[in-house]
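# Chains, contacts and geometry: an overview
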Amino acid sequence: MAPPSARAGPLRVDPTNLYSLRRVTDPASRAMTTRENLFRPIHKGIRSMVYELGLRLGVVDFTNLAESNAVAIQLRADLTSAVSSCILCLLQAHSRHEERDFFSAVRPFDPDVVDLMMKEHHEIAQRVGGIARTCDELLAISEPARRVEVGDRLTLEANDLFALYLAHLNNEEATLVPVMWERFSDEQLRTLRAQFYNTIPLPRFEEWMRWTLPALNPNELVVLLSGMRTDPPPNRFSDARRLAEETLDPPRWSLLERALSH
Ligand SMILES: [Fe+2]
Ligand SMILES: [Fe+2]
């Protein structure tokens, strides 16, 4: 527990203005377009994953065994593996990375907010477990009408998880980012991010970047990539640059390439 002087005041939420930059006392910190935001890029990738999967689930023909199995496997395959890229695996892994690399850094300054976010992670893990069980149930059914029934339940459960997860992503950005901007320099934030990006296996890093890079706006791409360029070894900038070239459409890539060449 941090000494009282290191703690920010209690979290005050204005319901008419949920995402104002609360607690940022330094007006210069409000220049959010240039500050390092450890949550925004990967959260945009996760939102994109959730939107795409929601659409995919909505059109599955659960009477068709192959289609039904494919979506269940995409959601839950290898949930116990540390490097599987199934959607539920990535959603779980994101919570673990945050707890290990980011929450521990914020805790001394704002333990209440970290506890609140940990509670949400716990709730997410419970829901993920429930959906994984529904996927297992679906994979074991041979009768089409019964698959439709369980498929409907899977769709509703997955959308409940998405709603919870999307709200959680917003909560983290609204509460943790202002504390981090107040307490850490951009250089310190990049060191924290490097702890995450530089220590995960390359295939997992690539998986995250394939979702994240296409989901960013031009300014966020420049801030993320030019920040990564200064990361300590093993520096992942060249991998991120390669993945940007692969995943961005040509006009967006050439804008980024030009910005990175300065
Ligand atoms: Fe989280
Ligand atoms: Fe998050």
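The following paragraphs examine the structure supplied in this document. Since we're looking at a predicted model, the values are computed, not measured. (Residues numbered from 1 in each chain as written. Chains lettered and ligands numbered in written order. Predicted model: local features only at pLDDT ≥ 70, side-chain atom pairs only at ≥ 80, totals over all residues.)

## Concerning the overall build of the chain
Check the secondary structure of the chain and you find ten helices and zero strands. Ordering the α and β elements of the chain from the N terminus gives α-α-α-α-α-α-α-α-α-α. The contacts of the chain with a sequence gap of at least 6 include a subset with a gap of at least 24, amounting to 73%. (Helix = DSSP H or I, 4+ residues; strand = E, 2+ residues; numbered from the N terminus. Contact = placed C-beta atoms within 7 Å.)

## Here we look at helix 3 (residues 87–106)
Under the 1.5 Å per step criterion, the end-to-end length of helix 3 is 27 Å for 20 residues, consistent within 8% with the ideal 28 Å. At Glu99, helix 3 is deflected by roughly 45°, the largest bend along its length. Of all the residues in helix 3, the buried ones are Ile87, Leu88, Cys89, Leu91, Gln92, His94, Ser95, Glu98, Phe102, Phe103, Ala105 and Val106. Contacts made by the buried residues of helix 3 are with helix 1 (40–59), helix 2 (65–76), helix 4 (111–139), helix 5 (144–183) and helix 6 (186–197). (Expected span 1.5 Å × (residues − 1). Bend = angle between axes of the 7 residues up to and from the residue. Buried ≥ 20, exposed ≤ 12 C-beta atoms within 10 Å, placed from the backbone.)

## A few points about the packing of helix 2 against helix 4
At a minimum axis separation of 9 Å, helix 2 and helix 4 run at an interaxial angle of 150°. The orientation of helix 2 with respect to helix 4, classified from their angle, is roughly antiparallel. The handedness of the crossing between helix 2 and helix 4 comes out as left-handed. Here helix 2 contributes Ser68, Asn69, Ala72, Leu75 and Arg76 to the contact with helix 4, which in turn contributes Ile131, Ala132, Cys135, Leu138 and Leu139. For the contact of helix 2 with helix 4, a count of residues per class yields seven nonpolar, two polar and one charged. (Axes fitted to C-alpha atoms, helices over the stretch in contact; angles between N-to-C directions. Parallel < 35°, antiparallel > 145°, perpendicular 65-115°, else oblique. Left-handed = near helix turned anticlockwise from the far one by under 90°. Nonpolar A, V, L, I, M, F, W, Y, C, P; charged D, E, K, R; others polar.)

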